[in-house]
Amino acid sequence: RMLPARYGVVGHACAALLDCFAQCSSISRTMQRIDKSSVLLCFCAGLAVLTLGGCAFRGLLERIVASIKMMPPTAKQLKEEALEANPLYRWIPAMRGKLAWRSLGKFPTPVHRFRVPLGATAEGRSSGNEVEFWVKREDLCSETYGGNKVRTLQYSLASFEAHVEKCKTNACTSRPRLLTLGSPGSNQIIATKLYAASLGLSDDCIEGYTPIPDDPEMDNTLNYLSSLSLPGKQFRLGHLRLCAAALRRSSGSGGEAAAWILPPGGNNVA
């Protein structure tokens, strides 16, 4: 309602507040008139949408994980690699000749022991207490680029290398592709591109995707610049665009062969 000007700002504010209460009361009475069957129908519809969405998302994740196959080693890999250096082959000899593998690092890595003093007395002297901990130095596994990603890439990249060789032998019409996912500061993208190049894999076979935001700090910035400078394409997609691209490429739609997708963390069947 419009009030005379003499009521001032406070009067108009009170009037607006009363109108708001009146509208809320009207909405409440309307909601009370809705029968229970309509509420139940809306609830079931919402539950169905959530269930279908969850199933679709799970199907996408399963397709991504299953996109990387376990490939047998090529003749070149068997010739160049010392299979006895692989502990998996030593402990399970039946795996020889069934799972491709490339030696990308020096294993086992050392374990170092550290001691750190705890606290100090009121006079500033050491309390004499200390904590001891052990560190598995995976960063020392390679002079090229260390870290825990090297272990999984020894099998993932070897299987992809065998897949590329198989495509060449079968004269595939489209190029094989490996999509590696991570944040802008991802070590996985750098390691994948770096070791793929060391194995002689073509630049247009490796694609990096960064759908996950990262903290704007120096280490992440340097990693992202490194991923841009290494061979292979680099993309930055949002979550929905990445899901669409992953679904399309893992199924091989659009006349292209199905791509292999290395998810964040590098976990896969190989």
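Computed from a predicted structure; not experimentally measured. (Residues numbered from 1 in each chain as written. Predicted model: local features only at pLDDT ≥ 70, side-chain atom pairs only at ≥ 80, totals over all residues. Heavy atoms only, no water.)

S.K.: Would you take a moment to explain the overall build of the protein for this structure?
M.R.: The number of helices and strands found in the protein is eight helices and six strands. Mapped in sequence order, the helices and strands of the protein form the string α-α-α-α-β-β-α-β-α-β-α-β-α-β. Per-residue burial for the protein yields a buried fraction of 34% across its 270 residues. In the protein, the share of contacts with a sequence separation of at least 24, taken over all contacts with a separation of at least 6, comes to 71%. Of the accessible surface of the protein, which amounts to about 17100 Å², a share of 62% is contributed by carbon and sulfur atoms. (Helix = DSSP H or I, 4+ residues; strand = E, 2+ residues; numbered from the N terminus. Buried < 20%, exposed > 50% of the residue type's maximum accessible area, 1.4 Å probe, protein only. Contact = heavy atoms within 4.5 Å. Areas by Shrake-Rupley, 256 points an atom, 1.4 Å probe, with all protein chains shown as cover.)

S.K.: Looking at this structure, I do not really get the environment of Ile64. What am I missing?
M.R.: Along the polypeptide, Ile64 turns up in helix 2 (residues 36–66). Look at Ile64 and you get buried, because its relative accessible area is 9%. In the structure, Ile64 is positioned 115 residues away from Leu179 in sequence and 10.0 Å away in space, judged by C-alpha atoms.

S.K.: Even after reading the chapter, I still don't get the packing of helix 5 (residues 149–169) against helix 6 (residues 187–198), so can you show me in this structure?
M.R.: If you want to describe how two helices pack, look at the angle between their axes and the distance between the axes. Relative to each other, helix 5 and helix 6 sit at 50°, their axes nearing to 10 Å. By the criterion of interaxial angle, the relationship of helix 5 to helix 6 is oblique. In terms of crossing hand, the pair formed by helix 5 and helix 6 is right-handed. Along the contact surface, helix 5 presents Lys149, Val150, Leu153 and Leu157, while helix 6 presents Gln188, Ala191, Thr192, Tyr195 and Ala196. (Axes fitted to C-alpha atoms, helices over the stretch in contact; angles between N-to-C directions. Parallel < 35°, antiparallel > 145°, perpendicular 65-115°, else oblique. Left-handed = near helix turned anticlockwise from the far one by under 90°.)

S.K.: Looking at this structure, how should I read the nonpolar core?
M.R.: Buried together is how nonpolar side chains tend to be arranged in soluble globular proteins. In this structure, Leu104, Leu153, Leu157, Phe160, Leu178, Tyr195 and Leu201 are the most contacted members of the largest nonpolar core, which totals 23 residues. Mapped onto this core, the elements with two or more residues apiece are helix 5, helix 6 and strand 6 (260–262). The contacts of Leu157, once residues within four sequence positions are left out, are Leu104, Leu178, Thr192, Tyr195, Ala196, Leu199 and Leu201. Counting residues in hydrophobic clusters, the runner-up holds seven residues, among them Leu181, Tyr209, Ala259 and Ile261. (Core = buried A, V, L, I, M, F, W, Y, C linked by side-chain atoms within 4.5 Å.)

S.K.: I keep staring at the sheet that holds strand 4 (residues 206–209) and nothing clicks. Help me out?
M.R.: One key point about sheets: their strands pair by backbone hydrogen bonds, in either a parallel or an antiparallel sense. Strands sit in the order 5-4-3-6 across an open sheet of four strands; the sheet is parallel. On the outer flanks of this sheet lie strand 5 (233–235) and strand 6, each paired with one strand and no other. Averaged over neighbouring strand pairs, the angle between their axes works out to 20° when direction is ignored. Looking at chain direction, strand 3 (residues 178–181) and strand 6 are connected through three bridges and run parallel. By the bridge assignment for strand 6, Thr180 is matched with Leu262. Here helix 5 sits on the sheet and contacts strand 3, strand 4 and strand 6; the angle it forms with strand 6, its principal contact strand, is near 170°. (Pairing = 2+ DSSP bridges.)

S.K.: Would you mind showing me how to read helix 6 here?
M.R.: The periodicity of an α-helix, 3.6 residues per turn, causes residues three or four positions apart to be oriented the same way. Helix length check: helix 6 (12 residues) gives 16 Å between terminal C-alpha atoms against 16 Å at 1.5 Å per residue, within 8%. Along helix 6, the residues that are buried comprise Gln188, Ile189, Ile190, Ala191, Thr192, Lys193, Tyr195 and Ala196. Where helix 6 is buried, its residues touch helix 5, strand 3, strand 4, helix 7 (218–229), strand 5 and strand 6. Between a side-chain oxygen at the N-terminus of helix 6 and the backbone nitrogen of Gln188 the separation is 3.1 Å; the capping residue is Ser186. Of the residues flanking the end of helix 6, it is Gly200, one or two places downstream, whose phi is positive at about 85°. (Expected span 1.5 Å × (residues − 1). Polar contact = N/O pair within 3.5 Å; in protein donor to acceptor, adjacent residues only side chain to side chain.)

S.K.: Teacher, can you tell me more about helix 7 here?
M.R.: When the terminal C-alpha atoms of helix 7 are compared, their 16 Å separation across 12 residues agrees well with the 16 Å that a helix rising 1.5 Å per residue should span. Listed as buried for helix 7 are Asn220, Asn223, Tyr224 and Ser227. Take helix 7 and look down its axis: the buried residues cluster within an arc of 95°, on one side only. Among the exposed residues of helix 7, those pointing more than 90 degrees away from its buried face are Met218 and Ser229. (Arc of directions from axis to C-beta.)

S.K.: I'm lost on a negative patch on the surface in this one. Help?
M.R.: There is a patch of like negative charges on the surface, built from Asp214, Asp215, Glu217 and Asp219. Among the structural elements, Glu217 can be located in the loop between strand 4 and helix 7. (Patch = residues over 30% accessible without salt bridge, like charges linked within 9 Å, V, L, I, M, F, W, Y side chains within 5 Å. Salt bridge = Lys/Arg side-chain N within 4 Å of Asp/Glu carboxyl O. Lys, Arg positive; Asp, Glu negative; His and termini not counted. Charge placed at Lys NZ, Arg CZ, Asp CG, Glu CD.)

S.K.: Help me understand the confidence of the model for the protein in this model?
M.R.: For any part of a model where pLDDT is low, the fine detail of the predicted coordinates should not be relied upon. For the protein, mean pLDDT is 81; residues scoring 70 or higher make up 76% of the total. Per-residue pLDDT stays below 50 along residues 1–7; that stretch engages in five contacts with residues further than four places along the chain or on separate chains. (pLDDT = per-residue confidence, 0-100.)

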